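A structural walkthrough
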Amino acid sequence: MSEQARHDKPEATRQTPARRRARMLAAVVAAAGIAFVGAGLGFVGFLSQLRGVETKPASNADGIVVLTGGSSRISDAIELLAGGYGKRLLISGVHPTNGVSDISRSLPDSQRLLTCCVDLDRSAVNTRSNASETRRWVDEQGFHSLIVVTSNYHMPRAIVELSHAMPDTTLIPFAVIGDKWREEPWWTSGATLRLLLSEYVKYLAAEARVRLAYIGLEPFPEAVDPSAGSAEPKRPPSG
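In short, a report on the structure.

Definitions and cut-offs
- What you see as residue numbers is a count from 1 along each chain, following the sequence as written.
- Thresholds applied to this predicted model are a pLDDT of at least 70 for local features of residues and 80 or more for the giving and counting of side-chain atom pairs; totals over whole chains, interfaces and linings are not thresholded and use all residues.
- Side-chain metrics in this entry use all non-hydrogen atoms of the structure; hydrogen atoms and water are not considered.
- In this text, buried Ala, Val, Leu, Ile, Met, Phe, Trp, Tyr and Cys residues form a nonpolar core when linked through side-chain atoms within 4.5 Å.
- With a 1.4 Å probe rolled over the protein chains alone, any residue whose accessible area is under 20% of its type maximum counts as buried; one over 50% counts as exposed, and the rest are partly exposed.
- Numbered from the N terminus, helices here are DSSP runs of H or I no shorter than four residues, and strands are runs of E no shorter than two.
- Here, two residues are considered to be in contact whenever any of their heavy atoms come within 4.5 Å of each other.
- In this analysis, strands are considered paired if DSSP registers two or more bridges between them.
- Convention used here: a crossover is right-handed provided that the path from the first strand, over the helix, to the second strand proceeds clockwise when the strands point away from the viewer.
- We define a polar contact as two N or O atoms separated by no more than 3.5 Å, with the added condition that, inside protein, one atom must be a possible hydrogen donor and the other a possible acceptor, whereas residues neighbouring each other in sequence contribute only through side-chain atom pairs.
- In this analysis an axis means a line fitted to C-alpha atoms, helices contributing only their contacting stretch, and an angle means the value between N-to-C directions, from 0 to 180 degrees.
- Each angle gets one of four labels, with under 35 degrees taken as roughly parallel, over 145 as roughly antiparallel, 65 to 115 as roughly perpendicular, and the rest as oblique.
- By definition, turning the near helix anticlockwise from the far helix through less than a right angle yields a left-handed crossing, and turning it clockwise yields a right-handed one.
- In the scheme used here, Gly and all other residues not listed as nonpolar or charged are polar, with Ala, Val, Leu, Ile, Met, Phe, Trp, Tyr, Cys and Pro taken as nonpolar and Asp, Glu, Lys and Arg as charged.

1. A few points about the nonpolar core
- Counting residues in each nonpolar core, the largest one holds 24 residues, and the members touching the most others are I64, L89, I91, V118, I147 and V149.
- Secondary structure elements with two or more residues in this core: β1 (63–67), α2 (73–82), β2 (88–92), α3 (100–106), α4 (111–116), β3 (118–121), β4 (145–151) and β5 (170–176).
- In terms of residues, this core owes the most to one element, α2, which gives 4 residues.
- If sequence neighbours within four positions are ignored, I147 has contacts with P57, S59, A61, G63, I64, V65, L80, Y85, I172 and F174.

2. Observations regarding the pairing of β5
- Here β5 lies mainly inside the structure; 5 of its 7 residues are buried.
- Bridge analysis of β4 against β5 gives 7 bridges, and the strand direction is parallel. Its bridge partner lying in β5, V149 is registered against F174.
- Tracing the backbone out of β4, into helix α6 (residues 155–165) and back to the parallel element β5 gives a crossover that is right-handed.

3. Examining the side chain of R73
- By the element assignment, R73 lies in helix α2.
- A distance of 3.1 Å separates a polar atom in the side chain of R73 from the backbone oxygen of T68.
- Excluding residues that lie within four positions of it along the chain, R73 makes contacts with V66, L67, T68, V149, T150, S151, Y153, H154 and V176.

4. A look at the packing of helix α5 (residues 127–141) against α6
- With their axes 9 Å apart at the nearest point, α5 and α6 run at an angle of 40 degrees to one another. One element, α5, and the other, α6, form an angle in the oblique class. Considering the relative orientation of α5 and α6, their crossing is right-handed. Along its contact with α5, which presents T127, R128, A131, T134 and R135, the element α6 presents R157, A158, E161, L162 and A165.
- Considered class by class, the residues forming the contact of α5 with α6 number 4 nonpolar, 2 polar and 4 charged.

Rendered as structure tokens:
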């Protein structure tokens with residue numbers, strides 16, 4: 001072996017780890033780029049599901065459920081009930097200390113409907129438990145179709161959870177558009193953008209959990225309340 005070859009061999013050996021590191025770095029950067037583009041496209045797809053205007057349901061349903069948490073959701077749901085779009089209304093996620101009287105104070109013209117045709121669910125604390133309690137109510141009432149009332153940004157995740165909980169129930173979305181959404185484009189408001197990004201992440205998590213559940217995997221099984229079997233949405237007293 002020549003003197004030059006003996007000098008070149010150690011140098012080539014020294015360069016090999018550097019080349020490997022460069023290839024690994026390139027692979028990591030490429031994977032990160034693909035993930036970023038995928039997340040961006042997914043976010044665009046998520047935004048495409050959000051309605052920008054409120055439109056009345058295309059058809060009536062057996063019942064109506066409103067998921068609390070946003071402004072004007074309950075009043076819009078009461079209007080749908082008054083318009084005959086459903087036979088009964090479930091308000092899901094009511095604070096345990098609140099009752100019909102608290103709701104009627106903000107909706108004084110709806111006292112009759114609140115007394116006769118509205119049920120309160122005080123057990124739900126998140127969208128997943130909203131779906132569980134709604135399923136319980138639907139089974140109790142014998143309903144097969146449901147108008148779902150919630151904010152437009154929350155609707156995709158709500159439909160994912162409700163569809164998983166009640167696969168045989170027809171769901172008709174009614175998206176409530178908040179005042180801020182009407183007043184300014186979402187991309188001009190940092191707070192609205194943060195809200196949408198947060199909701200998008202929650203939506204992806206719900207989609208992933210539901211898809212895993214379909215193949216028999218449940219990474220985060222729902223906690224079962226021993227008393228849940230006897231728990232029912234609270235119905236306002238009549239008369």
